[in-house]
Each structure stands twice: as structure tokens, then as C-alpha cells.
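The residues making up each chain are set out below.
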Amino acid sequence: NDANTPNSNAQLAQTGVETMTKSGIFTEGYLCWACCPTVEKIWVNFKTHFNKEHTNWKNLSKMMAKEAGFGANSATAGDLSQGLAEAFDNLAMAAATNKTAFESLTT
């Protein structure tokens, strides 16, 4: 995919970044992502980067909940984990659907 193709890898990654920044959870992850070279800001790298950020956040949340005596709160982190995975999948599916629709209109 080139930069002019609707929903290219770079555009899909940018949409993901916009979604992640709205969550307010992965601020440090975003700052690291922003420092990456533009050519590396593609979908597969986005997923890898923010999955690592999510894992770090989940581990930190579990530690904090345990220290505060709320071991049951780890279910909340699990729910967010599942939600994040579903959000990634939904974003990719929506982009693929939009690209297919666009291509059918232009052929």
C-alpha cells in the first residue's frame, strides 16, 4: 500500500493512535511512538507497540490493586485487555471494509 491508498498501513496506524490518545491511558506509550521514524509507523508495529504498553499497564494495575488489597480488581484489567484486543480487530475490520467499498466505487 502506498500513502495515497485509502486505509493504508500508515493511515490505519494513525487512526489507532488517535483512538489510543483519546483513551488517556497510554500517554507514555504515545510519546515513545511519536519518536519513532515515520516509516516505522505502520499497523503491525502499532499493534506490537501498544500491546506491549497494554501489558505493562495491566501488570501495573494488578500490582497496585494487590497492594491496595483489591485482588478481585484484576478482572477489570482482564476486561480492558479483552476490550483492547476487540478494538484492534474492529478497527482493522472497519478499515478493510471501507477500503473494499472505496475500491468497488472506483472500478
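Coordinates for the structure precede this section.
Described below are features of the structure shown in this document.

Parameters at a glance
- Each chain carries its own residue numbering, running from 1 in the written order of its sequence.
- Reporting in this predicted model follows two pLDDT cut-offs: at least 70 for local features of residues, and 80 or more for side-chain atom pairs to be given and counted; totals over whole chains, interfaces and linings ignore these cut-offs and use all residues.
- Hydrogens are left out, water is left out, and the side-chain values use all remaining heavy atoms of the structure.
- Axes here refer to lines fitted to C-alpha atoms; in helices the fit is confined to the stretch in contact. Angles between the N-to-C directions go from 0 to 180 degrees.
- The helix and strand labels rest on DSSP assignments: H or I over at least four residues marks a helix, E over at least two residues marks a strand, and numbering proceeds from the N terminus.
- Our angle categories are set so that under 35 degrees counts as roughly parallel, over 145 as roughly antiparallel, 65 to 115 as roughly perpendicular, and the remainder as oblique.
- Here a residue-residue contact requires only that any non-hydrogen atoms of the pair lie within 4.5 Å.
- In this classification, Asp, Glu, Lys and Arg are treated as charged, Ala, Val, Leu, Ile, Met, Phe, Trp, Tyr, Cys and Pro as nonpolar, and every other residue, Gly included, as polar.
- Should the near helix be turned counterclockwise from the far one by less than a right angle, the crossing is left-handed, whereas a clockwise turn marks it as right-handed.

As for the packing of helix 1 (residues 9-23) against helix 3 (residues 43-67)
And then number 1: It is at 7 Å that the axes of helix 1 and helix 3 come closest, and there the two elements cross at 30 degrees. In terms of their interaxial angle, helix 1 and helix 3 are classed as roughly parallel. On helix 3, the residues that touch N9, L12, A13, G16, V17 and M20 of helix 1 are W43, F46 and F50.
And then number 2: Looking at the contact of helix 1 with helix 3 residue by residue, the classes come out as 7 nonpolar, 2 polar and no charged.

What about the packing of helix 2 (residues 27-34) against helix 3?
And then number 1: Across the interface, helix 2 lies against helix 3 with an axial gap of 9 Å and an inter-helix angle of 145 degrees. Classified by chirality, the crossing of helix 3 by helix 2 is right-handed. Residue-level contacts link E28, G29, Y30, C32 and W33 of helix 2 to N45, F46, H49, F50 and E53 of helix 3.

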